[in-house]
Amino acid sequence: MKDAPAKPVLKPRTRAVHAGTRRSQYGEVSEAMFLTQGFVYDTAEAAEARFIETGPDEFIYGRYGNPTVAMFEERIASLEGAEDAFATASGMAAVNGALVSLLKAGDHVVAARALFGSCLYILEEVLTRYGVEVTFVDGTELDQWRAAIRPETKAVFFETISNPTLEVIDIASVADLAHAVGAKVVVDNVFATPVYSNAIAQGVDLVVYSATKHIDGQGRCLGGVILGTREMIRKTVEPYMKHTGGAMSPFNAWVLLKSLETLDLRVRAQSDSTQTIADALQGQAGLSRVIYPGLSDHPQHALAARMMDRPGTVIALDIEGGQAAAFRFLNALQIITISNNLGDAKSIITHPATTTHQRLSEEQRDRLGITRGLVRLSVGLEDPEDLVEDLRSALAAARSA
Ligand SMILES: *Cc1c(COP(=O)(O)O)cnc(C)c1O
């Protein structure tokens with residue numbers, strides 16, 4: 001690469017619009033979508049040279065990289081404050097790629113117990129099948145991390161804010177314990193979003209996102225990304241990813257690249273609405289609990305405030321009267337839709353015990369606080385007053401049955 005003159009560090013919203021742009025010879029304003037599986041070389045010698053080392057604007061094959069995908073990778077790396085990124089077909093391809101590329105038989109992993117169902121599957125069913133030992137801990141208890149991490153521990157894994165009960169894990173303290181034995185810290189950072197995340201600054205080695213969530217934020221496509229140092233991404237992650245086929249499609253990369261331009265605006269507006277709704281619902285008849293890190297009664301309220309400048313776009317509500325009342329509540333909502341995505345422009349509600357966390361045993365659910373009355377609300381871009389009204393009338397309907 002040419003030595004560019006030192007540029008002033010631009011603010012995140014400027015980078016969200018400009019970082020990573022690669023213009024073609026036509027000088028297009030909106031980033032181009034390169035729907036191509038391969039690339040041509042001027043000469044046989046040029047082909048040979050490219051297979052030895054690819055430069056920043058040189059590509060070989062769609063499974064290894066693509067200009068539109070590279071624009072997405074560079075833009076999100078810039079927003080996350082990471083040196084490099086590898087984009088993947090889905091969030092789960094990213095979680096799988098980050099863990100499997102790091103680990104081998106005989107290694108030990110410590111993970112927080114409160115995990116997205118598919119992440120739990122990778123840790124419990126896949127890694128163990130290949131001789132990796134996994135210990136689960138209560139992620140909010142530092143003593144449990146301290147007791148579980150040992151010299152053979154090669155990685156720790158957790159969701160920075162857990163789904164659906166919104167526990168917040170102290171990244172810097174867990175990273176200190178992991179790094180003391182040379183273990184890598186891998187986090188699933190979906191709920192924090194790149195807008196609030198300072199995971200890398202707090203010591204995380206690989207940050208993973210499902211881009212399907214806030215990054216798309218408009219319910220259109222699947223995607224994921226693994227972020228970290230250039231060394232980790234190019235030496236550890238890329239060889240595994242490019243040979244095993246979890247590449248992001250250029251079409252999805254284009255959608256997600258354009259979505260990054262508005263991510264900050266969307267997520268901040270959604271977080272503001274979530275706080276408004278959490279405040280409005282506190283003490284409301286028919287609710288036994290309102291769980292949101294932005295409320296002062298949340299067990300990690302102070303930690304969340306230290307770690308992120310806003311507490312996120314998801315809230316959990318425990319409806320009095322268990323599953324029957326929770327179902328009546330969901331069915332009475334007029335604006336908020338029943339679905340299982342999150343981070344979307346449309347407000348979405350789900351009943352974890354019977355959907356996303358159905359696979360868990362009753363005992364596992366009890367341990368995670370996933371009661372029969374618990375619902376998870378992802379707050380969208382609608383006017384928060386309309387959402388509060390929708391929630392209040394549905395609560396009244398759930399109680400009057
Ligand atoms: C959705 C989600 C995933 C999986 O992402 P996909 O894009 O659906 O593969 C992983 N972790 C968390 C926390 C999620 O919310």
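Everything that follows concerns the structure shown earlier in this document.
Predicted, not measured: the structure shown is a model, and the values here were computed from it.

## Observations concerning the sheet that holds strand S5 (residues 184-188)
Strand order across the open sheet formed by seven strands is S1-S7-S6-S5-S4-S2-S3, with mixed pairing between neighbours. The open sheet has two edge strands with one neighbour each: strand S1 (84-88) and strand S3 (133-137). When strand polarity is set aside, the average angle formed by the axes of neighbouring strands in this sheet is 20°. Pairing analysis gives three bridges linking S5 to strand S6 (residues 206-210), with the strands arranged parallel. Bridge assignment links Asp-188 to a residue of S6, and that residue is Val-208. Its contacts with the sheet place helix H4 (residues 91-102) against S1, strand S4 (153-159), S5, S6 and strand S7 (224-228), and it is angled at close to 155° to S6.

## Description of the pattern of salt bridges
Oppositely charged side chains may form a pair once their charged atoms are brought near each other. Counting across every chain of the model gives 23 salt bridges. Linking Arg-268 and Asp-264 is a salt bridge whose minimum nitrogen-to-oxygen distance equals 2.9 Å. With a gap of four residues between them, Arg-268 and Asp-264 both fall in helix H10 (residues 250-281), about one helical turn apart. Judged by its relative accessible area of 21%, Arg-268 is partly exposed. In this structure Asp-264 comes out as buried when scored by relative accessible area, which is 11%. Here Asp-309 ties to Arg-268 by a salt bridge, and the two come within 3.3 Å at their closest N and O atoms.

## Focus on the pairing of S1
A regular strand places its side chains so that they alternate between the two faces of the sheet. Among the five residues of S1, five are classified as buried, and the element is accordingly described as predominantly covered. Residue alternation in S1 divides its side chains into two sets, Asp-84, Phe-86 and Thr-88 and Ala-85 and Ala-87, and both sets are buried. Examined bridge by bridge, S1 and S7 share five bridges and lie antiparallel to one another. Its bridge partner lying in S7, Phe-86 is registered against Ile-226.

About the criteria used
- Counting restarts for each chain: residues are numbered from 1 in the order of the written sequence.
- Local features in this predicted model are restricted to residues of pLDDT 70 or higher, and side-chain atom pairs are both shown and tallied only at a pLDDT of 80 or more, whereas totals for entire chains, interfaces and linings draw on every residue.
- With hydrogens and water stripped out, all remaining heavy atoms of the structure feed into the side-chain values.
- Paired strands are those between which DSSP finds at least two bridges.
- A run of H or I in DSSP counts as a helix once it spans at least four residues, and a run of E counts as a strand once it spans at least two, with each numbered from the N terminus.
- Only the stretch in contact is used when a helix axis is fitted, and all axes are lines through C-alpha atoms; the angle between N-to-C directions ranges over 0 to 180 degrees.
- The contact definition used throughout considers only heavy atoms, calling two residues in contact when any of these lie within 4.5 Å.
- Whenever a carboxyl oxygen of Asp or Glu lies within 4 Å of a side-chain nitrogen of Lys or Arg, that contact is scored as a salt bridge.
- Under the scheme applied here, a residue whose accessible area is under 20% of the maximum for its type counts as buried, over 50% as exposed, and between as partly exposed, the area being computed with a 1.4 Å probe on protein chains only.

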